[in-house]
Amino acid sequence: MFQGKTMTPTAYLRHTFTTAPGRIFGLVCVMYFITYVDRVNISTLAPLMAHDLHLSNVQLGLALSAFGYPYALLQIAGGSLADSLGPRRTLVISGIIWGAATILTGLVGGLFSLIAIRVLLGIGEGATFPAATRAVAAWVPSTRRGYAQGMMHSSSRLANALTPPLTVMIALWLGWRGAFMVLGCVSLGWTLAWAFMFRDRPAEHPAITAGELAELPVIDSSRTGGRGGDIPWRALVRAMMPATLIYFCYNWTLWLYITWLPTFFVQAYGLNLKHTAVFSFGVFAAGVVGDTCGGLFTDYLYRRHGNLPQARRQVIITSMIGSMFCLLPALFVHNLTAIGIALASAFFFLELTVGPIWAIPMDMAPRYAGTSSGIMNTGSAIAGILSPFAFGLIIELSHSYSLPFYGPVVLLLLGAALAFHYLPSGPDAAPGSSNPGSPLPVHTIGNAHGR
């Protein structure tokens, strides 16, 4: 998929379209895009839905957070399912559920049915990212994992950027109910493509060449097939706990952007839906760039210094500190242009975290990348439950749109401190390490060696 050690971004994109591993990787990126469209389209349409369904800010916050409960519960279970059943079948099941849930959102009649459908969407999307991480662990060279995760999450941030104008355009044509139905049908189309194109083992793909296969890591898949009892749970949980806590801090801020940004521009600054879409696009577009840069930067540091844990750690700390400082104007300034620039800059820095932190599960335990990434993403899911509801509640009680930003500022600082003190900083935690003091000796739980 990726040849050489100094490929340019253009070369990466060319290989995505011209090789079998590249096309599989591109299909995963499309999934990230679609899942986030289906996850955040409700935030763009929330003002219209709240009006038609007669929802208060607290009720709307409760409905927005309902997605996070099953999403949190299914992270680890979904990841272990992908490790045992395989990412192909896991994502087919997930795609059918989340596509149907998106279509059904267009049929809700009130608060309780909306909550029920959001729960169903959380069930459908709960296993998607851990399963995709397990797939990528086998289909992407180990030296390009940061780039791969950065691009995958860039696709999701591109969805954040494009969903407001895209959803508004469809809603103006078909109404907000029709918009959900159209987007749900797109999800089902992707599921069909995944079922036909993907193979759990690259060697079984009919279009892969010997040269392409030689570039991919060898991951022992002999345990894939349902024997989940072989998963080393205690070692995985212990190793992934620092990344899980850091990812919670990151996602508290992310979920404010995902679920409340359009409503924030509408209610705090009186923008109409079209202008809100423009400002939201600008903020989320900065995140697309941040995701890509974070992945490229962490892989560059690894190739330059040969210290994989340090390459992940340095980018995460830079990300959180930079985002924290850029959010400070939101606490004191009430100027639309200044706030737009501050939020976009903060989101750019925030997204630098994604590439390195999602590479950590593949670095530490490629054979169990689904389970380990599910453990880590549980932090995201818990933040997804608490953050949207807390934001709505604080606004309802205080009538202040600056007060909720204090939480992200504090948590980003905490996340940087956790990364500095608890993420491994030396090469002893690198893949294949035999150092008994490393947090998770990868050679004992997953083969990450190249061919």
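Residues numbered from 1 in each chain as written. Predicted model: local features only at pLDDT ≥ 70, side-chain atom pairs only at ≥ 80, totals over all residues. Heavy atoms only, no water.

Describing the overall build of the chain
Scanning the chain for helices and strands turns up 17 helices and zero strands. Per-residue burial for the chain yields a buried fraction of 61% across its 451 residues. Sequence-distant contacts, at least 24 apart, represent 85% of the contacts inside the chain between residues at least 6 apart. Surface exposure of the chain reaches about 16,200 Å², of which carbon and sulfur atoms provide 69%. (Helix = DSSP H or I, 4+ residues; strand = E, 2+ residues; numbered from the N terminus. Buried < 20%, exposed > 50% of the residue type's maximum accessible area, 1.4 Å probe, protein only. Contact = heavy atoms within 4.5 Å. Areas by Shrake-Rupley, 256 points an atom, 1.4 Å probe, with all protein chains shown as cover.)

Description of the nonpolar core
Tyr257, Phe264, Leu343 and Ile357 are the most contacted members of the largest nonpolar core, which totals 126 residues. Per-element accounting of this core gives the leading share, 20 residues, to helix α10 (residues 233–269). Summarising the domain contributions, this core has at least three residues from each of domain 1 (16–198) and domain 2 (233–426). (Core = buried A, V, L, I, M, F, W, Y, C linked by side-chain atoms within 4.5 Å. Domains from an automatic or database assignment.)

Re the packing of helix α5 (residues 87–105) against helix α7 (residues 128–139)
At a minimum axis distance of 10 Å, the contact between α5 and α7 shows a crossing angle of 150°. When the interaxial angle is binned, α5 and α7 end up roughly antiparallel. Along this stretch, α5 crosses α7, giving a crossing that reads as left-handed. Residues Pro87, Thr90, Leu91, Ser94 and Trp98 of α5 form the contact with α7, whose participating residues are Thr128, Ala131, Ala132, Arg134 and Ala135. Considered class by class, the residues forming the contact of α5 with α7 number six nonpolar, three polar and one charged. (Axes fitted to C-alpha atoms, helices over the stretch in contact; angles between N-to-C directions. Parallel < 35°, antiparallel > 145°, perpendicular 65-115°, else oblique. Left-handed = near helix turned anticlockwise from the far one by under 90°. Nonpolar A, V, L, I, M, F, W, Y, C, P; charged D, E, K, R; others polar.)

Brief notes about the pattern of salt bridges
The full count for this structure, using the stated rule, is four salt bridges. The closest approach of N and O atoms between Arg134 and Asp83, which form a salt bridge, is 3.4 Å. Of this pair, Arg134 sits in helix α7 while Asp83 sits in helix α4 (residues 68–85), and the two are 51 residues apart along the sequence. With a relative accessible area of 4%, Arg134 lands in the buried category. We classify Asp83 as buried; its relative accessible area is 5%. (Salt bridge = Lys/Arg side-chain N within 4 Å of Asp/Glu carboxyl O.)

Observations concerning the confidence of the model for the chain
Mean pLDDT over the chain: 80, with 86% of residues reaching 70 or higher. The low-confidence segment residues 1–5 (pLDDT under 50) makes 21 contacts with residues lying over four places distant or belonging to another chain. For residues 222–229, every residue scores under 50 in pLDDT, and the model assigns this stretch 17 contacts once sequence neighbours within four places are set aside. (pLDDT = per-residue confidence, 0-100.)

A word on the environment of Ser154
Within the secondary structure, Ser154 is located in helix α8 (residues 145–197). A relative accessible area of 4% places Ser154 in the buried class. Sequence separation between Ser154 and Val289 is 135 residues, and the spatial gap between their C-alpha atoms is 7.1 Å. Not counting chain neighbours up to four residues away, the residues in contact with Ser154 comprise Val288, Asp291 and Thr292.

Comments concerning unusual backbone geometry
Its identity as a non-glycine residue notwithstanding, His54 has a phi of 60°, on the positive side. Within the fold, His54 resides in the loop between α2 (20–53) and α3 (57–66). Here His54 falls in the exposed class, since its relative accessible area comes to 68%.

With respect to the packing of aromatic side chains
The full count for this structure, using the stated rule, is 18 aromatic pairs. With centroids separated by 4.1 Å and ring planes inclined at 10°, the aromatic side chains of Tyr32 and Phe129 adopt a geometry described as stacked. Pair noted here: Tyr32 is in helix α2 and Phe129 is in helix α7, with a separation of 97 residues, a long-range link. Accessibility assignment for this pair places Tyr32 and Phe129 in one class, buried. Between Tyr247 and Trp358 the ring centres are 5.8 Å apart and the planes differ by 85°, which places this aromatic pair in the edge-to-face class. Taken together, the residues Tyr247 in helix α10 and Trp358 in helix α15 (residues 354–364) connect sequence positions 111 residues apart. Here Tyr247 falls in the buried class, since its relative accessible area comes to 3%. On the basis of relative accessibility, which here comes to 0%, the residue Trp358 falls in the buried class. (Phe/Tyr/Trp six-rings, centres within 6.5 Å; stacked < 30°, edge-to-face > 60°.)

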